[in-house]
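# Working through the structure, step by step
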Amino acid sequence: MTIQDPTDPRQYDVIIIGAGFAGLYALHRMRGMGLSARVYEAGPEVGGVWFWNRYPGARCDVESLQYSYSFSPELEQEWVWTEKYATQPEILRYIRHVAERFDLRRDIQFNTRVEEAVYDEAGARWELRTEAGERVSGRFCVMATGALTVPQLPDIPGIERFAGKIYHTATWPHEGVDLSGRRVGVIGTGSSGIQAIPAIAKQAEQLVVFQRTANFSIPAWNGPLQPEVQQTWKKDYREHRRRAREVGTLYEFSDKAASQVGEEERQREYERRWQKGGVNFVHSFNDLMVDKQSNDTIAEFVRAKIRATVKDPQVAESLCPKDHPLGSKRICVDTGYYETYNRDNVKLVDLKKTPIREVSASGVHAGDVHHELDVLVCATGFDAVTGALRHIDIRGRNGQQLSRKWAEGPRSYLGLMTSGFPNLFIITGPGSPSVLVNMVVGIEHHVGWICDCLDHLRRQGLASIEAGQAAEDRWVEHVNAAANKTLFPLANSWFLGANVPGKPRVFMLYAAKLWVYRQECQAVADKGYEGFTLAAVPRPALAEAP
Ligand code: NA7
């Protein structure tokens, strides 16, 4: 028996917002539990961030064999990845394949942006309103809205006067952009800029890069994924997945501290890791994210690589990051990024020395120089982690607005729920490891926890769960304490909301090891959802398990 009201087809057990990796898996699992679930997706297709981010060079910086669902052994065996790091089109093909294979589309409503979600206390339901005015309701609401979904445009004087085309990397035109013969400016040198710049440099007549903060980037050494490598990995997939659940991504973690080995051993290890490439570099030693002096040694290694690669010493010096520890901003992974600055058609503008004064119809004025441009590419990032939630008017008990509650920074319990907002779950939201680990692993964990929780409510004849205030306060302190043990707070990063003017500066992620976090979540569940308030509201219990 389902509790869906047969007289009103728009009443569901669960409403899921977003049809990216998180929303699709939540739908699959909840449908499997016999719940009526409906997904609302603003875009016209599945994929979330992988649907929108189509800029030249866009690819994942987690290896493709790991950046995929683990819930179906058949799926992981049948899907064949072509490169070590998958491109955006390949990841989107994979997500589409998952939607078809598990027949998910029939429960997804596309082109539907949810504008408002209000908790009706009397009925114990979430009432949602879409942009088009449609109203739907669900006993539970799952925010699968993603951490990097609200693009951040730069607030530069005069930008609206620019006569050429302006593109943001996160909303790149689906038909592509022909940049040949064009004078292109790129603002931003985070992961997106660092991936896009080498690709744009090959197409454009001239490329001017406007850099506010130099970033650390590690070579990907990307290439075709050899069939024998893939087959060997797939033979052991269960074990790889089991270990990934403990650590997020199967990097090679070191049990040595950089501070405890000699200079020669440090350099040897850094060089070995550099030659392997990718984010794994950050794990060369186990104290790099907690000991500034140790971090200085790896940061200097990368600066030496930049100086050895970039021919113009002044340009090389501008490209050397000096104002934040390596890894305290999201480390970048590139293909030929620093080499790109040796091309004749590429110029770097160091905004620390020559800030942008204004944008005019014909280009960008930085310092005393006017750079004539036909196209401006903003690789300026996102209103990250909380952005998508801030853009929906979410109101909980007593009409409390989530954006008001989080005005001084997000507050959650386990990163999964927030007090005053019963039956509202957030996937990979603030207060959880979120973007600090492989997102697919984090998503599968959260969806699994939420499904176990719904199952518990159903078995106990309960219908409502809400984070307790005291438990939430303790969790927020715990998350802050974990961050303060690391070097993360030393950078002006989007992890802290520092890239969005007016956003409170709070480290939004839980920086503990993934296995610690998973154990903490499990312990709470094992103790009957300790710290949460569970209630049997006067409504029928959830549908019985099939
Ligand atoms: P990021 O990492 O937030 O990078 C944005 C870049 O844009 C960064 O270099 C910013 O400099 C720069 N920026 C932002 N606003 C301005 C203005 N007004 N003027 C000049 N430069 C500016 O976003 P990405 O899209 O590259 O990457 C996001 C994540 O997506 C990535 O980490 C992966 O996980 C996938 P700043 O450093 O703030 O000085």
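Thresholds applied
Here, residues in each chain are numbered from 1, in the same order as that chain's written sequence. Thresholds applied to this predicted model are a pLDDT of at least 70 for local features of residues and 80 or more for the giving and counting of side-chain atom pairs; totals over whole chains, interfaces and linings are not thresholded and use all residues. Only hydrogens and water are removed before side-chain values are computed, so all heavy atoms of the structure are retained for them. Counting from the N terminus, the helices are DSSP H or I runs at least four residues long and the strands are E runs at least two residues long. Each radius of gyration is computed over the set of C-alpha atoms, and the globule rule expresses the reference value as 2.2 Å times the number of residues to the power 0.38. Each residue's exposure class comes from its accessible area (1.4 Å probe, protein chains only) as a fraction of the maximum for that residue type: buried when under 20%, exposed when over 50%, partly exposed otherwise. It only takes one pair of heavy atoms within 4.5 Å for two residues to be counted as in contact. Each accessible area is a Shrake-Rupley estimate made with a 1.4 Å probe; only the visible protein chains count as cover when residues are assessed. Note on charges: Lys and Arg go in the positive column, Asp and Glu in the negative column, and His and the chain ends are not counted at all. We put the charge of a Lys on NZ, of an Arg on CZ, of an Asp on CG and of a Glu on CD. The span you would expect from a helix comes to 1.5 Å times its residue count less one. The directions considered for the arc are those from the helix axis to the C-beta atoms. Pairs of N or O atoms are called polar contacts if they sit within 3.5 Å, as long as, within protein, a hydrogen donor faces a hydrogen acceptor (for residues adjacent in sequence, only side-chain-to-side-chain pairs). For two strands to count as paired, DSSP must find a minimum of two bridges between them. Angles here are taken between N-to-C directions and fall from 0 to 180 degrees, while the axes themselves are lines fitted to C-alpha atoms, restricted in helices to the stretch in contact. An automatic or database domain assignment supplies the residue ranges for each domain. Summed over both partners, the accessible area (1.4 Å probe) lost when two parts come together is defined as the buried area. Counted as salt bridges are all cases of a side-chain nitrogen of Lys or Arg within 4 Å of a carboxyl oxygen of Asp or Glu. Distances are taken per atom, and a residue is near a molecule or strand as soon as one of its heavy atoms is within 4 Å of it. Each residue gets one label: Ala, Val, Leu, Ile, Met, Phe, Trp, Tyr, Cys and Pro are nonpolar, Asp, Glu, Lys and Arg are charged, and the others, such as Gly, are polar. Stacked, tilted and edge-to-face pairs are distinguished by plane angle, under 30 degrees for stacked and over 60 for edge-to-face with tilted covering the rest, among Phe, Tyr and Trp rings (Trp via its six-membered ring) whose centres lie within 6.5 Å. Here the angle decides the label: under 35 degrees means roughly parallel, over 145 means roughly antiparallel, 65 to 115 means roughly perpendicular, and every other value means oblique. Handedness of a crossing is defined here by the sense of rotation of the near helix relative to the far one, left-handed for an anticlockwise turn of less than a right angle and right-handed for a clockwise turn. We define a nonpolar core as any set of buried Ala, Val, Leu, Ile, Met, Phe, Trp, Tyr and Cys residues linked to one another through side-chain atoms lying within 4.5 Å.

The secondary structure content of the chain amounts to 16 helices and 20 strands. Against the globule reference of 24 Å for 546 residues, the chain gives a C-alpha radius of gyration of 24 Å, in line with a compact fold. Projected onto the principal axes, the alpha-carbon positions of the chain cover approximately 70 × 55 × 45 Å. Among the 546 residues that make up the chain, the fraction classed as buried is 59%. Contacts in the chain between residues at least 24 apart in sequence constitute 72% of all its contacts with a sequence separation of at least 6. Carbon and sulfur atoms form 49% of the exposed surface of the chain, whose accessible area is close to 22,500 Å². The average position of the 65 basic charges and that of the 67 acidic charges among the side chains of the chain differ by 1 Å.

Between its first and last C-alpha, helix H16 (residues 514-526) extends 18 Å over 13 residues, near the 18 Å set by a 1.5 Å rise per residue. Where H16 is concerned, the buried positions are Leu514, Tyr517, Cys521, Val524 and Ala525. On an axial view of H16, the arc spanned by its buried residues comes to 105 degrees, and they lie on one face. Here the buried face of H16 lies against helix H7 (237-247), helix H14 (439-459), helix H15 (469-484) and strand E20 (532-535).

Moving on to the environment of Ser259. Within the fold, Ser259 resides in the loop between H7 and helix H8 (263-276). Linking Ser259 and Ala304, residues 45 residues apart in sequence, is a C-alpha distance of 20 Å. If near-sequence neighbours (up to four positions away) are discounted, Ser259 is found in contact with Asp287, Asp291 and Ser294. Only 3.1 Å separates the side chain of Ser259 from the side chain of Asp287, close enough to count as a polar contact.

Working definition: the strands of a sheet are paired by backbone hydrogen bonds and lie parallel or antiparallel to each other. A sheet is described by the order of its strands in space; here three strands give the open sequence E13-E14-E15, paired in antiparallel fashion. Unpaired on one side and paired on the other, strand E13 (356-360) and strand E15 (369-372) mark the two borders of the sheet. Across the sheet, the mean angle separating the axes of adjacent strands is 20 degrees when strand polarity is ignored. Pairing of strand E14 (residues 363-366) with E15 involves four bridges; the strand directions are antiparallel. Within the sheet, the bridge partner assigned to Val364 lies in E15 and is His371.

This part takes up the domain arrangement of the chain. Often the size quoted for an interface is simply the accessible area lost on bringing the parts together. When the domains of the chain are assigned, the result is domain 1 (10-149 + 384-528) and domain 2 (159-378). Contact with domain 1, which involves 45 residues of that partner, is made by 50 residues of domain 2. Taken over both partners, the interface formed by domain 1 and domain 2 buries close to 4,100 Å², and the fraction arising from carbon and sulfur atoms is 53%. Inspection of the domain 1/domain 2 interface yields three salt bridges.

Taken together, the five strands give an open sheet; going across it, the order is E7-E16-E8-E9-E12, and neighbouring strands pair in parallel fashion. The outermost strands of the open sheet, each flanked by one partner alone, are strand E7 (165-168) and strand E12 (346-350). Strand-to-strand twist across the sheet, computed as the mean angle between neighbouring axes with direction ignored, equals 20 degrees. By the bridge criterion, five bridges tie strand E8 (residues 183-187) to strand E9 (residues 206-211) in an arrangement that is parallel. Its bridge partner being in E9, Arg183 is matched across the sheet by Gln206. Contacts from helix H5 (residues 191-203) reach E8, E9, E12 and strand E16 (375-378), with the element oriented near 160 degrees to E9.

Turning next to the site of the ligand. Looking at the ligand, there are 18 residues lining it, with Thr189, Ser192, Arg212, Thr213 and Lys329 nearest. Relative to its unbound accessible area of 780 Å², the ligand is 86% covered by the protein chains. Residues belonging to the shell around the ligand are distributed by class as follows: seven nonpolar, eight polar and three charged.

Where strand E4 (residues 114-120) lies against strand E5 (residues 125-130), six bridges are found, and the strand directions are antiparallel. Paired with Glu116 across the two strands is Arg129, which belongs to E5. Remark: four residues form the turn of the hairpin made by E4 and E5, two consecutive strands paired antiparallel; Ala124 in that turn has positive phi of roughly 50 degrees. Bridge analysis of E5 against strand E6 (residues 135-143) gives four bridges, and the strand direction is antiparallel. Across the sheet, the residue bridging to Trp126 is Gly138, located in E6. Hairpin connection of E5 to E6: four residues between the antiparallel strands, including Gly133 at a positive phi of 90 degrees.

Take the packing of aromatic side chains next. The geometry of an aromatic ring pair is captured by the separation of the ring centres together with the interplanar angle, meaning the angle of the planes. For the coordinates displayed, the defined rule picks out 35 aromatic pairs. Taking 4.6 Å as the distance between ring centres and 40 degrees as the angle between the ring planes, the aromatic pair formed by Tyr413 and Phe532 counts as tilted. On the criterion of sequence distance, the pair formed by Tyr413 in the loop between helix H13 (402-405) and strand E18 (424-426) and Phe532 in strand E20 is long-range, its members being 119 residues apart. Here a set of aromatic residues connected by ring pairs shows up, and it is made of Phe21, Tyr25, Trp50, Tyr67, Tyr69, Phe71, Trp79, Trp81, Tyr94 and Phe102.

Between H8 and helix H9 (residues 292-309), the least distance of the axes is 11 Å, while the angle of their chain directions is 55 degrees. Taken as axis vectors, H8 and H9 run oblique relative to one another. Regarding H8 and H9, the two cross each other, and that crossing is right-handed. Each of Arg266, Gln267, Tyr270, Glu271, Trp274 and Gln275 in H8 lies in contact with H9, whose residues at this interface are Ser294, Thr297, Ile298, Phe301, Val302 and Lys305. Residues of the contact of H8 with H9, tallied by class, amount to five nonpolar, four polar and three charged.

Next up on the list: the nonpolar core. Counting residues in each nonpolar core, the largest one holds 140 residues, and the members touching the most others are Met30 and Trp449. Mapping this core onto the domain boundaries places at least three of its residues in each of domain 1 (10-149 + 384-528) and domain 2 (159-378). Ignoring sequence-local partners within four residues, the contact set of Met30 consists of Val14, Ile16, Leu35, Ala37, Val142, Ile450, Cys451 and Leu454. Counting residues in each nonpolar core, the second largest holds 21 residues, with Tyr119, Leu389, Phe421 and Leu424 among its members.

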